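Next come the chains, spelled out residue by residue.
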Amino acid sequence: MWLWLMQVSFVGFLGGLFTFIWRGCGRDGRLRAQGLWWLLFALCCFALWFVALPRIPRP
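Read on for a plain summary of the structure. Owing to the predicted nature of the structure, the values given are computational and were not obtained by experimental measurement. Counting from 1, residues in each chain are numbered in the order their sequence is written. Since the coordinates come from a predicted model, pLDDT governs what is reported: local features require at least 70, and pairs of side-chain atoms require 80 or more to be given and counted, while whole-chain, interface and lining totals use all residues. Note that the side-chain values use all heavy atoms of the structure and ignore hydrogens as well as water.

1. Digging into the pattern of salt bridges
Part 1 of the argument: Salt bridges, as used here, are contacts in which a Lys or Arg side-chain nitrogen is within 4 Å of a carboxyl oxygen on Asp or Glu. Scanning the model with the defined rule gives one salt bridge in all.
Part 2 of the argument: Arginine 30 serves as the salt-bridge partner of aspartate 28, at 3.9 Å between the closest nitrogen and oxygen. With respect to burial, aspartate 28 and arginine 30 carry one shared label: exposed. Buried means the residue's accessible area, taken with a 1.4 Å probe over protein chains only, is under 20% of the maximum for its type, while exposed means over 50%, and partly exposed covers the values in between.

Right under this line is the structure:
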């Protein structure tokens, strides 16, 4: 289960970060209000990834 959680959180982190950059910033470089939600989502996924990573058994 930890491996699945690590993989999902990694994909969520990359997706959230990409969406934060793509949808969260305007053409003038200012942050939009909806961009902060994507940044929060990416940070939560990173924290989940950070917790699940050490629990994976090494080969």
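Read on, since the account is not over.
2. Quick word on the side chain of serine 9
Part 1 of the argument: In this text, helices come from DSSP runs of H or I with a minimum length of four residues, and strands from runs of E with a minimum of two, each type numbered from the N-terminal end. Topologically, serine 9 is positioned in helix H1 (residues 2–24).
Part 2 of the argument: A relative accessible area of 2% means that serine 9 is categorised as buried.
Part 3 of the argument: Polar contacts, as used here, are pairs of N or O atoms within 3.5 Å; protein pairs need one atom able to donate a hydrogen and one able to accept it. Residues neighboring in sequence count only if both atoms are side-chain atoms. At a separation of 3.5 Å, a polar atom in the side chain of serine 9 contacts the main-chain amide nitrogen of tryptophan 49.
Part 4 of the argument: A contact between two residues is defined here by any heavy atoms of the two lying within 4.5 Å. Contacts of serine 9, omitting those with residues within four sequence positions, involve Cys45, Leu48 and Trp49.

3. Points about the packing of aromatic side chains
Part 1 of the argument: When the centres of two rings from Phe, Tyr and Trp lie within 6.5 Å, Trp using its six-membered ring, the rings pair. Their planes under 30 degrees apart give stacked, over 60 give edge-to-face, and anything left gives tilted. According to the stated counting rule, one finds seven aromatic pairs in the structure shown.
Part 2 of the argument: Seen in terms of ring centroids, phenylalanine 18 and tryptophan 22 are 6.1 Å apart; in terms of plane orientation they differ by 20°. Their pairing is stacked. Taken together, the positions of phenylalanine 18 and tryptophan 22, both in helix H1 and four residues apart, correspond to about one turn of that helix. The burial state of phenylalanine 18 is the same as that of tryptophan 22; both residues are exposed.
Part 3 of the argument: Centroid distance phenylalanine 46 to tryptophan 49: 5.8 Å. Interplanar angle 75°. Geometry classified as edge-to-face. Of the two residues, phenylalanine 46 and tryptophan 49 both sit in helix H2 (residues 33–52), three residues apart, roughly one turn of that helix.
Part 4 of the argument: Sitting over the face of the ring of tryptophan 22, arginine 23 holds its NZ or CZ atom 5.6 Å from the ring centroid.
Part 5 of the argument: For a lysine, the NZ atom is tested; for an arginine, the CZ atom; a charge sits over a ring if that atom is within 6 Å of the ring centre and within 35 degrees of the ring normal. The side chain of arginine 55 reaches across the aromatic face of tryptophan 2, ending 5.1 Å from its centre.

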